[in-house]
Every structure is written in structure tokens, then in C-alpha cells.
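Fold and contact review
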Amino acid sequence: MSEIQTSFDVVVVGGGMVGTAFAAALSGHGLAVAVVESRRPVCDWPAGEIDLRVSALSRSSQHFLERLEVWGRIQELGVSAYREMHVWDALGGGHIHFDSQTLGEPDLGHIVENRVIQLALWESLANADDVRLLCPAGIVDLEMDAAGTRLILTDGRSITARLLVGADGRDSLVRTLAGIETEGWDYGQRAIVAHVRPAEWHRETAWQRFLPTGPLALLPLADGRCSIVWSADDARAAELMALDDAAFSAALSEASEFRLGALRLDSARAAIPLRLQHTKTYVRPGLALIGDAAHAIHPLAGQGVNLGFMDAAELAAALDVGLACKRDIAGLWTLRHYARARRGENQFMLQAMDIFKQLFGNEEPLVARARGLGLSLTDRLEPLKRLFMVQALGLGRARDCEASAGRATKPSCAIGIRSARPEPPP
């Protein structure tokens, strides 16, 4: 793509995992695409070093990345499969155990460093003739009109886009400049992330204990270590971050009930503030929001990036439908296909995780006993437990996205005729 090109069909602001995945999904569809990102991805790191930021990828996300032809590269850079999951409640005493063999699946998902996913996607885009990577660059302002959007970059350049896609995270500047409001609240919690070395083998199993001050997750890594996500109320998180390594390791081991023996801190620690947030609209003429720019979720089920990847897949499929039906890719006829496909599911997931957070944070004895009984009962009801596993794996969403891709390849424009009827805002 020409170095002097300044006009694009689609400009994606945010070159993280979701933004680059969306751009990769658009590549090869006859559109000129640009990705604006302020920082280049890390391209190499010392052998054996694992970044603090990891994601638990569901099967639907894996299938999406396979269709983008980057999953092989991600595996080459390093993934950690987990085959079982144990969840138990500190107060209620209930527990539930998930095993991939129950569904005839090889695993329940993979723990992957965020930088690994981003690098694999970035490499793919670097080899795409129809995608231009504008990096390092950010945006300072935007001007929207009926013809499209003019973006002013941090280096003084300006570019134009028929469709602007905000994939720039939960503090999205695109969303702010476009004047799109959000609803939600801070949880008053921080997620402490680090890596630990357990005394006992993790058995390729994810472990999660619900504590009154927030859930603790131990995610298995291929080298025998575990990545932890310890969500704790702000005061408790501050106490934990102030501890030295030995004292933190002791507190962590106790919080895990020594399920893997003593846990020894094996990395630095970081604390991330938690928030529930949902935009009031996903799309406007000439604009779409995806990933954390559209929704931010509590990490207790590890669904954040998986929801973002499904956003990327559905928006790409919606644009394909628009192109095939000769409709404007930046018009609401096209963009509402995406908004209808994703907003309801994302809203359900945000509400479900919020309910879980509130339920397991309640220290009332009767509530604790009831939820403990509920967990243990679910563990014994195999059909219900299988349903939970199917949802966690994202198998239904994977089939839906494949169906969306099929409709985009051979669309029925009758879908578009139905979509043309007056509808509520997306």
C-alpha cells in the first residue's frame, strides 16, 4: 500500500488483540484498511519469560484465530492448554469440577500471553497488501460528516475513513470524541496479576476460589507455573501489594487453601482497577465500537477478550453482507447487523458476571450456604454442567460466527430487507 495514502475505507483505532483481529478478518475483501496504534508490539523476549497479561481463550476464539490463519503462529510462540477446572466457595463450602473429556474435547481452552496474540496478528497484517499499519501514531481529534471521518494524528497528519472502528480499550478516545456515553460502575476492586511457582503440579487445571473480598484464579502455564488473577477489594488489594514477596506468597498459598501446595511468587505484580462498563450504542453512521471500547467486564470468568473477538468476527461478517448486497459499509443498514448480533449477548454476559460477583461477595450465612448447595448440586447434575461447559467453551458462539461467515460469503439480501424496517436504536 502506498506510503502517501491518506484515504481508507476502514480505519481501526487500536492495534491490540481485538483491533488487529478485526483488521485481519477484513483483509482480502477489497477494502483499504488502516490500523492506528501508538505502540509497536513486543517482538521478542527472553526465553522462559512470561508476560503478566494473559488471556484464557475459549474454543470460539481459537476457531476465529484459526480462520485468520494465525493460530499456528500463536502455538509456535507458546500456549498452555487447560483440561479441567475446579471452582469452590470459601464460605459456602460448595464446589464444581469441569472436565473436557465429558464433552469429548481435548481441552477447555488455552492460556495465552496477550503479547503473543498481538504479535501473531501484527505479523499477519504486516504481510497484507491491503492493510496499512500506522505506528507509532495516535489520534488527537476527529471530524465526522456524511462523507466519512477525518482523523487528526499525533504527528500532525490527517487521514480519512468511510468507516471508523474504535478498538482502543475501555478508556476509548474514539468513543469520547464521538460523544458516546457509557453506563456502569467501578467495582471498588483491583485484579492483582502475577506468576507463581506451585510446590505441586497444576495438572493442567484451572483453579478458582471465591473469597468474600473477591475471586482468586490460578491458571496453568505450560512450564509448570501458574498465572494468578486475584481480584480483591481496594483495601485488601493495597495490603497485598504492600507485602514483600515472601509474605505475599504466604498469603496467596493460604487463600488457595494450599490446593497446589505452597505457592512462590515468581514475577513482578501489577494491580488493575475493575469496572463494569457498557456503551449506550455500538454503532452510529460511519462508526462502530468493538471490544473493551464497547464493554468492560469483571475478569472472574475470563471472558473479556473472547467477547471482543466475537465482536470483531461479527462486525467483519456484517461488512461482508453490506458489500455483497451493495450497501454502504458505513451505513446503519450494514452496521446494525453487528449491533443486533452482539449487544444482547454482551449485555447478558456483563449482567451474569456482575450477579456472580455480587452473589459470591455476600457474606450473609444463609446466602453463603445456599450458593454452596447450588454449586454442589450443579456438580451432580451432569446435563446442567455440560450446558455450562458448552457455554464456557463458546462452542455455540463458534458455530454462530461460522454461520455469519457463511452468510457473508453468500448473503441473502432478504436479511437486509427485513433489517430495513424501523428498529430501536442499536
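Residues numbered from 1 in each chain as written. Predicted model: local features only at pLDDT ≥ 70, side-chain atom pairs only at ≥ 80, totals over all residues. Heavy atoms only, no water.

A few words now on the overall build of the chain. Across its full length, the chain holds 13 helices and 20 strands. In the chain, which comprises 426 residues, the share counted as buried stands at 54%. (Helix = DSSP H or I, 4+ residues; strand = E, 2+ residues; numbered from the N terminus. Buried < 20%, exposed > 50% of the residue type's maximum accessible area, 1.4 Å probe, protein only.)

In this section: the sheet that holds strand E4 (residues 80–82). In space, the three strands of this open sheet follow the order E3-E7-E4, with antiparallel pairing throughout. One side of each edge strand has no neighbouring strand; the edge strands of this open sheet are strand E3 (54–57) and E4. Neighbour-to-neighbour, the strand axes of this sheet turn through a mean angle of 25 degrees, independent of strand direction. With three bridges connecting them, E4 and strand E7 (residues 109–113) associate as antiparallel partners. Note on E7: the bridge partner recorded for Ser80 is Ile111. On top of the sheet, helix H4 (residues 114–126) reaches E3 and E7; it is set at about 85 degrees to E7, its chief contact. (Pairing = 2+ DSSP bridges. Axes fitted to C-alpha atoms, helices over the stretch in contact; angles between N-to-C directions. Contact = heavy atoms within 4.5 Å.)

Time to look at the packing of aromatic side chains. For the coordinates displayed, the defined rule picks out four aromatic pairs. Ring geometry for Trp88 versus Trp207: centroids 6.5 Å apart, planes at 85 degrees, classification edge-to-face. Taken together, the residues span a long stretch of sequence, with Trp88 in strand E5 (residues 84–89) and Trp207 in strand E13 (residues 205–211) at a distance of 119 residues. Judged by relative accessible area, Trp88 falls into the buried class, the value being 6%. Residue Trp207 is classed as buried on the basis of its relative accessible area of 5%. Ring geometry for Tyr282 against Tyr338: centres 5.9 Å apart, planes inclined by 35 degrees, an arrangement best described as tilted. Here Tyr282, found in the loop between strand E17 (270–279) and strand E18 (283–284), pairs with Tyr338, found in helix H9 (residues 332–360); they are 56 residues apart in sequence, far enough to count as distant. You can call Tyr282 buried: its relative accessible area is 0%. Geometry around Phe248 places Arg269 over its ring, the cationic atom sitting 4.5 Å from the centre. (Phe/Tyr/Trp six-rings, centres within 6.5 Å; stacked < 30°, edge-to-face > 60°. Lys NZ or Arg CZ within 6 Å of the ring centre and 35° of its normal.)

For the rest of this paragraph, the subject is helix H2 (residues 59–67). The set of residues buried in H2 consists of Arg59, Ser60, Ser61, Gln62, Phe64 and Leu65. Just beyond H2, the residue with positive phi is Glu69, at close to 65 degrees.

A separate point is the packing of H2 against helix H8 (residues 304–324). In contact at an axis separation of 9 Å, H2 and H8 are set at 45 degrees when each is read in the N-to-C sense. Taken together, H2 and H8 sit at an angle that is classed as oblique. Judged by the sense of rotation from one axis to the other, the crossing of H2 with H8 is left-handed. Along the contact surface, H2 presents Ser60, Ser61, Phe64 and Leu65, while H8 presents Asn306, Phe309, Met310, Ala312 and Ala313. In terms of residue class, the contact of H2 with H8 is made up of six nonpolar, three polar and no charged. (Parallel < 35°, antiparallel > 145°, perpendicular 65-115°, else oblique. Left-handed = near helix turned anticlockwise from the far one by under 90°. Nonpolar A, V, L, I, M, F, W, Y, C, P; charged D, E, K, R; others polar.)

Tracing the sequence through the fold places Arg73 in helix H3 (residues 71–77). In the structure, Arg73 is positioned 50 residues away from Glu123 in sequence and 9.4 Å away in space, judged by C-alpha atoms.

Val10, Val11, Phe22 and Phe309 are the most contacted members of the largest nonpolar core, which totals 71 residues. Looking at which element gives the most residues to this core, the answer is H8, with nine residues. Not counting the four nearest positions on each side in its chain, Phe309 is found in contact with Met17, Val18, Ala21, Leu57, Ser61, Phe64, Leu65 and Ile117. By size, the runner-up hydrophobic cluster in this structure holds 30 residues, among which are Phe98, Phe210, Ala352 and Leu393. (Core = buried A, V, L, I, M, F, W, Y, C linked by side-chain atoms within 4.5 Å.)

So, on to unusual backbone geometry. At the junction of Cys135 and Pro136, the peptide bond is cis and its omega measures out at 0 degrees in the coordinates. By secondary structure assignment, the location of Pro136 is in the loop between strand E8 (131–134) and strand E9 (139–145). One non-glycine residue, Arg203, lies in positive phi territory at about 60 degrees. By secondary structure assignment, the location of Arg203 is in the loop between strand E12 (182–198) and E13. Taking the relative accessible area as the measure of exposure, Arg203 reaches 40% and is therefore partly exposed. You will see that Lys326, though not glycine, has its phi angle at about 55 degrees, which is positive. Relative to the helices and strands, Lys326 is located in the loop between H8 and H9.

When the pLDDT values of the chain are averaged, the result is 88; 89% of them are 70 or greater. Confidence over residues 403–412 falls short of pLDDT 50; this stretch has eleven contacts with residues more than four positions distant or in other chains. Every residue in residues 414–425 scores below 50 in pLDDT, and together they form twelve contacts with partners more than four places removed in sequence or on other chains. (pLDDT = per-residue confidence, 0-100.)

Here we take up a nonpolar patch on the surface. Where nonpolar side chains cluster on the molecular surface, the patch consists of Leu377, Leu381, Leu384, Leu387 and Phe388 and spans about 420 Å² of accessible area. Considering every element that reaches the nonpolar patch, the biggest residue donor is helix H11 (residues 382–393), with three residues. (Patch = residues over 30% accessible without salt bridge, like charges linked within 9 Å, V, L, I, M, F, W, Y side chains within 5 Å. Areas by Shrake-Rupley, 256 points an atom, 1.4 Å probe, with all protein chains shown as cover. Salt bridge = Lys/Arg side-chain N within 4 Å of Asp/Glu carboxyl O.)

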